[in-house]
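Here's the letter readout for the chains.
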Amino acid sequence: MTALHELAVRVDEAARTATAIPQLTNDLPDLGIDDAYAIQALSIRRRLERGERRIGVKMGLTSRAKMIQVGVDEVIWGRLTDAMLLEEGASLSKKRYVHPRAEPEVVFLMGRRLSGRVTALEAMAAVEGVAPAMEIIDSRYQAFRFALPDVIADNSSSSGLVIGSFVSPRVDLSNLGVVLSVNGTPRQIGSTAAILGNPVRSLVAAARMVAQWGESLEPGDLVMAGGVTAAHALSVGEYVETNIEALGRVAITVG
Ligand code: 0L1
Ligand code: MG
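A few points on the structure. Please read all numbers here as calculations on a predicted model, not as lab measurements. (Residues numbered from 1 in each chain as written. Chains lettered and ligands numbered in written order. Predicted model: local features only at pLDDT ≥ 70, side-chain atom pairs only at ≥ 80, totals over all residues. Heavy atoms only, no water.)

1. Observations regarding helix H1 (residues 3-17)
- A rise of 1.5 Å per residue sets the reference length of H1, with its 15 residues, at 21 Å; its end C-alpha atoms lie 21 Å apart and thus fit the reference within 8%.
- Among all positions of H1, only Leu7, Ala8, Val11, Asp12, Ala14 and Ala15 are buried. Each buried residue of H1 sits inside an arc of 155° when the element is viewed along its axis, so together they form one side.
- In this fold, the buried residues of H1 make contact with helix H2 (24-27), helix H3 (33-49) and helix H6 (148-153).
- Downstream of H1 by one or two residues, Ala18 has phi in the positive range, about 50°. (Helix = DSSP H or I, 4+ residues; strand = E, 2+ residues; numbered from the N terminus. Expected span 1.5 Å × (residues − 1). Buried < 20%, exposed > 50% of the residue type's maximum accessible area, 1.4 Å probe, protein only. Arc of directions from axis to C-beta. Contact = heavy atoms within 4.5 Å.)

Set out below in structure tokens:
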């Protein structure tokens, strides 16, 4: 087994067993971005070998709020599998995660294949629908602390997603109001403009970044465009709802 495989097993086991691990860069301070993406790909391959199915990709650190929250300044991506999907309105079992947080997002449903360098117009023409969503992020690292290569290796913290109803992609996504409330009280407020100025830019970045790894956005794929606000740390007993102007709402409870 190569060193990268061993690191992939380490992050995969941490995710599978909801066990916090030390940052990889503690022992490997020179771990590079390309190696980190290779570890991510190998760890996702293990999930697919266990029977999970790839359903799309997530974009991360697409807003200033998120970059500041985690202390980095680059857009990153990760892979989504069917095991990460939660039903809208479902109860999330906190025991299955290390220290989960929820963040409001916009999700694209692809109608056509997209890969490589594309314009915003080409990207939107490939979209079949858009929906309000929340991503459940759960760093597998102790105290939710990591350097950029750590978080990339750890599938960019992705561990769950919940999606509302899809609407036509003809909605102007550039500046829609977003409210994340907890037990009815607004806790995070923002605009979809926080996602790289317009969520479509995140889709353009996704097409370009996956192509660097020989992958594409395929018809039926979901593309999570990235968090609008800082993420909310989940506690048992909470009802967490995201409302996005013109798109609608999506909610979970935490058990
Ligand atoms: O989806 C995101 O923007 C999060 C990416 C990873 C950073 C984090 O875990 O907060
Ligand atoms: Mg996110």
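Picking up where we left off.
2. Overview of the packing of aromatic side chains
- With the rule as written, the count across this model stands at four aromatic pairs.
- With 5.8 Å between their ring centres and 45° between their planes, Tyr37 and Trp213 make a pair best called tilted. Of this pair, Tyr37 sits in helix H3 while Trp213 sits in the loop between helix H7 (199-211) and strand S10 (222-224), and the two are 176 residues apart along the sequence.
- Assessed through its relative accessible area of 6%, Tyr37 is described here as buried.
- The interplanar angle of 55° and the centroid separation of 6.5 Å between the aromatic rings of Tyr141 and Phe146 together place this pair among those described as tilted.
- A residue is classified by how much of its surface remains accessible, and Tyr141, at 0% relative accessible area, is buried.
- An aromatic cluster of three or more residues is present, and its members are Tyr37, Trp77 and Trp213.
- The cationic tip of Arg101 hangs over the ring face of Phe144; the distance from NZ or CZ to the ring centre is 3.6 Å. (Phe/Tyr/Trp six-rings, centres within 6.5 Å; stacked < 30°, edge-to-face > 60°. Lys NZ or Arg CZ within 6 Å of the ring centre and 35° of its normal.)

3. Examining the coordination of the magnesium ion (ligand 2)
- Each protein donor to the magnesium ion (ligand 2) is listed here as Glu103 (OE), Glu105 (OE) and Glu135 (OE); together their distances run 1.9 to 2.0 Å.
- Positions of the donor residues of the magnesium ion (ligand 2), expressed as sequence spacing, correspond to E-x1-E-x29-E. Of this pair, Glu105 sits in strand S5 (residues 101-110) while Glu135 sits in strand S6 (residues 127-137), placing them 30 residues apart in sequence.
- On the basis of relative accessibility, which here comes to 0%, the residue Glu105 falls in the buried class. (Donors = N, O, S within 2.8 Å, 3.2 Å for Na, K, Ca; no water.)

4. Points about the site of ligand 1
- Taken together, 13 residues lie around ligand 1, and Lys58, Leu61, Glu103, Glu135 and Ser157 are the ones closest in.
- The contact in question runs from an oxygen atom of ligand 1 to an N or O atom on the side chain of Lys58, over 2.8 Å.
- Within the side chain of Glu103, a nitrogen or oxygen atom sits 2.9 Å from an oxygen atom of ligand 1.
- Contact with the protein chains hides 100% of the accessible area of ligand 1, taken as 300 Å² for the molecule alone. (Near = heavy atom within 4 Å. Polar contact = N/O pair within 3.5 Å; in protein donor to acceptor, adjacent residues only side chain to side chain. Areas by Shrake-Rupley, 256 points an atom, 1.4 Å probe, with all protein chains shown as cover.)

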